[in-house]
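In case you want the letters, here they are:
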Amino acid sequence: MEQVNVKINGVSYEVPADSTILEAARYAGIDIPTLCYLKDINQIGACRMCMVEVKGARSLVAACVYPVNEGMEVFTNTPKVQESRKMTLELLLSVHDRKCLSCERSGNCEFQKLCNEMGIEVENRFEGAVPAGKKDYSTLYLERNNAKCILCRRCVAACQNQHVSVIGANNRGFDTEIGCAFEKPLGDVSCVACGQCIVSCPTGALTEKDNTQDVIDAINDPEKIVIVQTAPAVRAALGEEFGMPIGTNVEGKMVAALRRLGFDKVFDTDFGADMTIMEEAHEFLDRVKNGGKLPIITSCSPGWVKFCEHYYPDLVDNLSTCKSPQNMTGALIKSWYAQKEGIDPTKIVSVSVMPCVAKKFEIQRDDEDGAGLPDVDISITTRELARLIKRAQLNFARLPDEKFDDAMGVSTGAAVIFGATGGVMEAALRTAADVLEGKDLESIDYTEVRGTEGFKEAVYKVGGMDVKVAVVSGLSNADALLKKVRSGEADYQFIEVMCCPGGCVNGGGQPIQSSVNHSFYDIKKLRAQALYDQDKNMPLRKSHQNPVVQKCYEEFLGEPGSHKAHELLHTTYVKRGY
Amino acid sequence: MQKRISNLPFHDTPEQAQKLDAVIESLKGQKGAVMPALHQAQEIYGYLPIEVQEKIAKGLDVSLEEVYGVSTFYSQFALTPKGRNHISVCLGTACYVKGADKVLERITQKLGIQPEECTEDGTFSLTACRCIGACGLAPVMTVNDEVYGRLVPEDVDTILAQYMA
């Protein structure tokens, strides 16, 4: 890579020739404030927060889009720069609702942080008309409050990045607002519920639909037995909400916190992930043997399923009919577990903690009620769990490490890696290979499908048969692959799709990291590493070896793909179109 | 102000549909095709209802929101149809101080529509416009190409009656 010499605030640095001033400065450890910039997602130079002085330039320049050149001299902290940034913040604040005290993002808001650092007064010299700001509460999973929107367009870029593009800037000038075509509510357009807009938002304009009070009410109801399950990706990110480094696995403390919050049982969605593998591997082998629809495409990711239903309705028959691990766990809690423990299933409140907002949509779909009751009653995000922990004043860092409850808390390494892109594929291959070979194979690391790249493919010899697999994450990648499947150009037998780039670790329900941290860390990679490390150290690493899974089939379901398994653990899809 | 969106039913003749199809076909695959497509579609239909924008979005393989965003950004794009008679009431400074707002109010009451709307029978549409350069006649309104000046609200009734037949 060609290097150039630049001077930033009088100090010389050698930086890559293709960097912007912002990248060069961050590389040199000098921070320039930004609002609209989000690495790899939004680089449009719109908000004017990152203005810097460049020697010889007529006016201030936007560091996030201005390229460096040999001999350039940049000043990031002059009075002129400070005055410009202050004015930008004052103007933005003059049309903001300023209800920080009750805002979900207070303390984690990039706009609030900058106003605070720059000493901006709440009442400022640009007082005037304040637009009401539309509020959109039309979906089951997401809320928009434009009174807090600063029009940075990070959500718009995130939505485009997901190849969905249902939101954008409407109208003009003072009337500009982010919304959907023809001012329709989000619930009436083909939004896939991925929540990538939420984790891109620098302020509190976008949040998940908060269900924490529903959880508290259930726990406080003496008639109810409240059972919680947590997805693999949650443990890899929850610690960030409590100031721990990105990629810290906090499984033990998370379990301890859930018990202290008052949940009667703490189960692991990983158990459901192992069940999913049993059913999905069986379904795959069955489709191969009996000429069923191929490629089979995974269905764990509800944002992806909704995308497929809207934009590729002709391919819904390719989706595995398996429910997601969340709903498999939920269905078995209200059937097998309730039966075993002699509990009336109508008294159970089944709660899930997910890295995802689309899960809030998934639990209310048709055919997600295996035991005649909703598989899951309340689904909350990783962020909402953190909110519950904070509200209960638990000192998270000082909690002991505890274990999941045995009944549905035993899992395998195969299930843990569900949280990262490629994990479901690898888990399925581990089981399918053993089933076909009829033995316990030792080589079980399918490293070709690991890693956070958006598209991966490989051919594996499984039981004497060549299986061509593809793994994609992020819906742009899914879209490109599906076009090929539709045209017949792609000849895969098994495809894993995860809606969010990098898989669930980077889900729309995960802790929100600032733009600065997005610049400095590969967040999804660090979180995924926490899961692969856990997998490596687990005694059991194949789903079919999970003793609770084995017991569940022996005592209750019979065998994978049985009639009962179909009733409880499989679902149907809708051709939605757009 | 947010652009007003028509809630009148959309009427489409086979000739219009064919013309729009040809426009989309000619622009397919080109960068920046949304603007010219909207321009030509408005020439065909007089305005840009959701049915037309959806056709453009699908045809050019861009999202409906992108098309809608462009159509609401530029003031020359209309999302409501024009009536057989188009009324413009000048709300420029001179007309305004001479009571143009009262004239406009009378029209909205009389026709039951707001600026940027069209009556259900398609007889009238209404806009509030900026200075048309006839300040000496303030307050001024135009119906189609006809200019009416030195108005008082009561004049509205007789003027509109001429076009109602």
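About the thresholds
- Residues numbered from 1 in each chain as written.
- Chains lettered and ligands numbered in written order.
- Predicted model: local features only at pLDDT ≥ 70, side-chain atom pairs only at ≥ 80, totals over all residues.
- Heavy atoms only, no water.
- Helix = DSSP H or I, 4+ residues; strand = E, 2+ residues; numbered from the N terminus.
- Rg over C-alpha atoms; globule rule 2.2 N^0.38 Å.
- Buried < 20%, exposed > 50% of the residue type's maximum accessible area, 1.4 Å probe, protein only.
- Contact = heavy atoms within 4.5 Å.
- Domains from an automatic or database assignment.
- Buried area = accessible area lost by both parts, 1.4 Å probe.
- Salt bridge = Lys/Arg side-chain N within 4 Å of Asp/Glu carboxyl O.
- Polar contact = N/O pair within 3.5 Å; in protein donor to acceptor, adjacent residues only side chain to side chain.
- Nonpolar A, V, L, I, M, F, W, Y, C, P; charged D, E, K, R; others polar.
- Pairing = 2+ DSSP bridges.
- Axes fitted to C-alpha atoms, helices over the stretch in contact; angles between N-to-C directions.
- Parallel < 35°, antiparallel > 145°, perpendicular 65-115°, else oblique.
- Left-handed = near helix turned anticlockwise from the far one by under 90°.
- Core = buried A, V, L, I, M, F, W, Y, C linked by side-chain atoms within 4.5 Å.

Enquirer: What's the story with the overall build of chain A in this structure? I'm lost.
Expert: The helix and strand tally for chain A stands at 20 helices and 18 strands. Relative to its length of 578 residues, chain A is compact, with a C-alpha radius of gyration of 25 Å against a globular reference of 25 Å. By principal-axis analysis of the C-alpha atoms, chain A measures approximately 75 × 55 × 50 Å. When burial is assessed residue by residue, chain A has 58% of its 578 residues classed as buried.

Enquirer: I keep staring at the side chain of A:Q534 and nothing clicks. Help me out?
Expert: Residues and elements named next belong to chain A. Residue placement: Q534 occurs in helix α18 (residues 523–536). Assessed through its relative accessible area of 16%, Q534 is described here as buried. For Q534, the contacting residues outside a window of four places in its chain are R235, N249, E251 and V416.

Enquirer: Got a minute to help me understand the domain arrangement of chain A in this structure?
Expert: In many reports, interface size means the accessible area that the parts give up when they come together. Residues and elements named next belong to chain A. Once the domains are mapped, chain A shows domain 1 (3–40 + 50–76), domain 2 (93–207) and domain 3 (213–569). Placing the centre of domain 1 and that of domain 3 at their C-alpha centroids yields a distance of 42 Å. The partner domain 3 presents 5 residues to the 6 residues of domain 1 that form the contact. Counting the surface lost from both domain 1 and domain 3, the interface buries some 540 Å², and carbon and sulfur atoms represent 57% of this. Counting across the domain 1 and domain 3 interface gives 0 salt bridges. For the pair domain 1 and domain 3, the number of links is 2 residue pairs in polar contact (both at pLDDT 80 or more). Partitioned by chemical class, the residues of the side of domain 1 that touches domain 3 number 2 nonpolar, 1 polar and 3 charged.

Enquirer: What should I look at first to understand the pattern of salt bridges in this one?
Expert: Side chains that carry opposite charge are capable of pairing whenever their charged atoms lie near each other. Residue and element names in this part refer to chain A. One pass over the structure, following the stated rule, counts 50 salt bridges over all chains. The salt bridge partner of E208 is R383, with a shortest N-O separation of 2.6 Å. Placement of E208 in strand β10 (residues 206–208) and of R383 in helix α13 (residues 382–391) is noted, with a sequence separation of 175 residues between them. For the pair E208 and R383, one class covers both residues: buried. With a closest N to O distance of 3.0 Å, R430 and D535 form a salt bridge.

Enquirer: Before we go on, may I ask you to explain helix α4 (residues 154–161) of chain A in this structure?
Expert: A turn of α-helix holds 3.6 residues, and therefore any two residues three or four places apart point the same way. Residues and elements named next belong to chain A. A large share of α4 lies buried, amounting to 6 of its 8 residues. Among the residues making up α4, those that are buried are R154, C155, V156, A157, A158 and C159. Downstream of α4 by one or two residues, H163 has phi in the positive range, about 60°.

Enquirer: I'm lost on the environment of A:I44 in this one. Help?
Expert: Residue and element names in this part refer to chain A. For I44, the position within the fold is in the loop between α1 (21–27) and β3 (51–54). It is 9.5 Å that separates the C-alpha atoms of I44 and A62, two residues lying 18 residues apart in sequence. Every residue in contact with I44, bar those within four places of it in the chain, is listed here: C36, V65, C152 and R153.

Enquirer: Before we go on, may I ask you to explain unusual backbone geometry in this structure?
Expert: Looking along the chain, the bond that leaves A:L294 and enters A:P295 is cis, with omega of -5°. Going from B:A138 to B:P139, the amide bond is cis rather than trans, its omega being -5°. Secondary-structure assignment places B:P139 in the loop between β3 (124–129) and β4 (141–143). One non-glycine residue, A:L151, lies in the positive phi region at around 60°. Along the polypeptide, A:L151 turns up in the loop between β7 (142–145) and α4. Here A:L151 falls in the partly exposed class, since its relative accessible area comes to 27%. Although it is not a glycine, A:Q393 adopts a positive phi angle of roughly 60°.

Enquirer: Even after reading the chapter, I still don't get the sheet that holds strand β6 (residues 135–136) of chain A, so can you show me in this structure?
Expert: Two modes of strand pairing occur in sheets, parallel and antiparallel, and in both the strands are linked by backbone hydrogen bonds. Residue and element names in this part refer to chain A. If you walk across this open sheet you meet the 3 strands as β6-β7-β10, and the pairing is antiparallel. With one partner strand each, in any of the chains shown, β6 and β10 form the two edges of the open sheet. Judged from the 2 bridges that link them, β6 and β7 form a sheet pairing that is antiparallel. Each bridged residue has a counterpart across the sheet, and for D136 the counterpart in β7 is R144.

Enquirer: Can you walk me through the packing of helix α8 (residues 251–261) of chain A against α13(A) in this structure?
Expert: In a packed pair of helices, the relevant descriptors are the angle between the two axes and the axis-to-axis distance. Residues and elements named next belong to chain A. Across the interface, α8 lies against α13 with an axial gap of 10 Å and an inter-helix angle of 60°. Here α13 runs oblique to α8, going by the angle between their axes. As α8 packs across α13, the resulting crossing turns out to be left-handed. Where α8 abuts α13, its residues M254, A257, L258 and L261 lie against L385, L388 and I389. Its residues assigned to classes, the contact of α8 with α13 shows 7 nonpolar, no polar and no charged.

Enquirer: What's the story with the pairing of strand β11 (residues 225–230) of chain A in this structure? I'm lost.
Expert: Taken residue by residue, a regular strand's side chains alternate between the two faces of the sheet. Residues and elements named next belong to chain A. Counting buried residues along β11, 5 of its 6 residues qualify, which places the element largely inside the surrounding structure. Pairing of β11 with strand β14 (residues 348–354), which is carried by 6 bridges, proceeds in the parallel orientation. From the neighbouring strand, I225 faces β14, where its bridge partner is I348. The pairing of β11 with strand β12 (residues 265–268) spans 4 bridges and is classified as parallel. Paired with I227 across the strands is K265, a residue of β12.

Enquirer: Even after reading the chapter, I still don't get the environment of A:L142, so can you show me in this structure?
Expert: All names here are of chain A. The topology assignment puts L142 in strand β7. Taking the C-alpha atoms as reference, L142 lies 8.4 Å from D210; in sequence the two are 68 residues apart. In contact with L142, not counting residues within four places along its chain, are D136, L186, C197, I198, L206, T207, E208 and K209.

Enquirer: Quick question: what am I supposed to make of the nonpolar core here?
Expert: Soluble globular proteins tend to bury their nonpolar side chains together. Residues and elements named next belong to chain A. Among the nonpolar cores identified, the biggest contains 83 residues, and L238, F263, W304, F307 and L385 are the most heavily contacted of them. The leading source of residues in this core is α8, at 6 residues. Here this core gathers at least three residues from each of two domains, domain 2 (93–207) and domain 3 (213–569). Judged by nonpolar contacts, the second largest core, of 26 residues, contains A273, F418, V449 and V462.

Enquirer: Can you help me understand the side chain of A:T381 in this one?
Expert: Here A:T381 is to be found in strand β15 (residues 378–381). When neighbours within four sequence positions are excluded, A:T381 is seen to be in contact with A:E208, A:V353, A:M354, A:C356, A:V357, A:K360 and A:G509.

Enquirer: Would you explain the packing of helix α3 (residues 50–60) of chain B against helix α4 (residues 64–73) of chain B in this entry?
Expert: Residue and element names in this part refer to chain B. Axis separation between α3 and α4 bottoms out at 8 Å; the angle between their running directions is 125°. Taken together, the axis directions place α3 and α4 in an arrangement best described as oblique. You can see that α3 and α4 cross each other, and the crossing is right-handed. Residue-level contacts link I50, Q53, E54, I56 and A57 of α3 to L64, V67, Y68 and S71 of α4.

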